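Survey of secondary and tertiary structure
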Amino acid sequence: MRKVCAITGSSSGIGAASALVYAKNGWNVAINYSRDAARAERTARTCHEVGAEVLIVKADVSDDQQCRAFAKAVTDKFGGCDVLVNNAGTTKFVGLTDLDGLSAEDFHHVYDVNVIGPFQMARAFVPLLKGRPGAAIVNVSSIAGLLASGSSIAYIASKGAMNSLSLVLARVLGPEIRVNVVAPGFVEGDWLREGLGEARYDAAKKAYVADAALSDVVTPEDVAATIYWLGAGAKKTTGEIHLVDGGRRCQSL
Ligand SMILES: NC(=O)c1ccc[n+]([C@@H]2O[C@H](COP(=O)([O-])OP(=O)(O)OC[C@H]3O[C@@H](n4cnc5c(N)ncnc54)[C@H](OP(=O)(O)O)[C@@H]3O)[C@@H](O)[C@H]2O)c1
């Protein structure tokens, strides 16, 4: 029987690449988005083309009722779930020295999506995951939470909080469910291109390559490969943070 993976924020970028990896490896997938249905349908088509049964669920992870409805839709369609990937995320690009550039509302919004959302999704999906051999949650954090560098102070703090959330969930959900974190570095794609603008994107990419031990940035597919390994393999690994950063952090130690 095909296993099932539910991935938040899987209409584009890392989430879409992850859905395709699971689909190519014989899993059924639940694709999620909160705004752009057309992108979600595109991802669903690519997964369907490689043989997966696909469910598309519109749900904002910051809304607990929508997380619970997401879990119910997966139960109704697939009868359970083997892996939950908490990938949906948001930020506000504000220079780190611009303390007045971030309001309490900005902070709350980033936390609602990046920290409370993954908690609510985990809570909603625990009943679906329990009893499934090898069940796992993979949380997509960021090198920002480890280097204290990134798109804004709110984002950096939210990813640090996500790392702690994942550690405590690994303790309380074991032995039935493993919980691990993937922390990507600079990922090529629209998140940074739109957030920084084309000129700053190119400069930031060049600087990142110069600072990384592997002299490269990361692709969504690079991150997806680790998300797949942590979900489908890594049977004795829980409560760990795995960097996919081209060797950027090791240059800072
Ligand atoms: N790009 C990077 O350099 C980088 C580096 C480190 C970590 N990350 C992390 O990687 C994750 C994915 O980012 P990405 O680069 O793949 O960006 P992306 O292409 O912009 O993907 C973000 C996804 O999240 C969805 N989303 C946003 N808010 C949501 C919400 N409230 N509820 C449900 N879905 C929501 C978006 O769909 P809709 O627009 O339809 O809602 C989209 O599918 C994020 O957690 C991010 O923090 C990214």
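Below or above, wherever it landed, is the structure these notes cover. Note that the structure is a prediction, hence the values are computed from the model and not measured.

1. Brief notes about a nonpolar patch on the surface
Taken together, the side chains of L96, L99 and I153 present a nonpolar region at the surface, about 260 Å² in accessible area. One can find L99 in the loop between β4 (83-86) and α4 (104-129). Judged by its relative accessible area of 62%, L99 falls in the exposed class.

2. Quick look at the site of the ligand
Around the ligand, 29 residues are found, and the nearest of them are S11, S12, S34, N87 and Y155. At 3.2 Å from an oxygen atom of the ligand is found a main-chain nitrogen or oxygen belonging to G9. Contact distances for the ligand include 2.6 Å between an oxygen atom and a side-chain N or O atom of Y155. Its free accessible area being 890 Å², the ligand has 93% of it covered by the protein chains.

3. A short note on the state of the cysteines
All chains considered together, the criterion is met by zero disulfides. There is no disulfide at C5, and the cysteine sulfur nearest it, in C81, is 6.4 Å away. We classify C5 as buried; its relative accessible area is 0%. C67 takes part in no disulfide bond, and the closest cysteine sulfur, belonging to C81, lies 13 Å away.

4. Remarks on helix α9 (residues 220-232)
The end-to-end C-alpha distance of α9 is 18 Å, a good match for the 18 Å that 13 residues give at a rise of 1.5 Å each. Along α9, the residues classified as buried are P220, V223, A224, T226, I227, Y228, L230 and G231. Those residues of α9 that are buried are in contact with α1 (13-24), β4, β5 (136-140), β6 (178-184) and β7 (241-244). Just past α9, the residue A234 takes up positive phi, approximately 45°.

5. Some thoughts on the packing of aromatic side chains
For the structure shown, the criterion picks out eight aromatic pairs. Between Y22 and Y228, the ring centres sit 4.9 Å apart and the planes meet at 70°, which makes this aromatic pair edge-to-face. With a gap of 206 residues between them, Y22 in helix α1 and Y228 in helix α9 connect regions that are remote in the sequence. For the residue pair Y22 and Y228, the accessibility class agrees, reading buried in each case. Measuring from centroid to centroid gives 5.4 Å for F70 and F125, while their planes differ by 85°, and the two rings are edge-to-face. Pair noted here: F70 is in helix α3 (residues 64-78) and F125 is in helix α4, with a separation of 55 residues, a long-range link. Each of the two residues, F70 as well as F125, counts as buried. Ring-pair connections join several aromatic residues into one group, and the members of that group are Y22, W27 and Y228. Just above the ring of Y201 sits the side chain of R193; from NZ or CZ to the centre is 4.5 Å.

6. A few points about the side chain of S166
Structurally, the position occupied by S166 is in helix α6 (residues 153-173). Judged by relative accessible area, S166 falls into the buried class, the value being 2%. There is a polar contact of 2.7 Å between the side chain of S166 and the backbone oxygen of M162. Excluding anything up to four places from it in sequence, S166 contacts N139, V179 and V181.

7. Section: the sheet that holds β6
With parallel pairing, the seven strands of this open sheet are ordered in space as β3-β2-β1-β4-β5-β6-β7. Looking at the sheet topology across the chains shown, the edges are occupied by β3 (54-58) and β7. Between one strand and the next, the sheet's axes are offset by a mean angle of 20°, whatever the strand orientation. Docked against the sheet, α4 engages β1 (4-7), β4 and β5, running at close to 175° with respect to β4.

How each quantity is defined
- Residues numbered from 1 in each chain as written.
- Predicted model: local features only at pLDDT ≥ 70, side-chain atom pairs only at ≥ 80, totals over all residues.
- Heavy atoms only, no water.
- Patch = residues over 30% accessible without salt bridge, like charges linked within 9 Å, V, L, I, M, F, W, Y side chains within 5 Å.
- Areas by Shrake-Rupley, 256 points an atom, 1.4 Å probe, with all protein chains shown as cover.
- Salt bridge = Lys/Arg side-chain N within 4 Å of Asp/Glu carboxyl O.
- Helix = DSSP H or I, 4+ residues; strand = E, 2+ residues; numbered from the N terminus.
- Buried < 20%, exposed > 50% of the residue type's maximum accessible area, 1.4 Å probe, protein only.
- Near = heavy atom within 4 Å.
- Polar contact = N/O pair within 3.5 Å; in protein donor to acceptor, adjacent residues only side chain to side chain.
- Disulfide = S-S within 2.5 Å.
- Expected span 1.5 Å × (residues − 1).
- Contact = heavy atoms within 4.5 Å.
- Phe/Tyr/Trp six-rings, centres within 6.5 Å; stacked < 30°, edge-to-face > 60°.
- Lys NZ or Arg CZ within 6 Å of the ring centre and 35° of its normal.
- Pairing = 2+ DSSP bridges.
- Axes fitted to C-alpha atoms, helices over the stretch in contact; angles between N-to-C directions.

Purely geometric numbers; function is a separate question.
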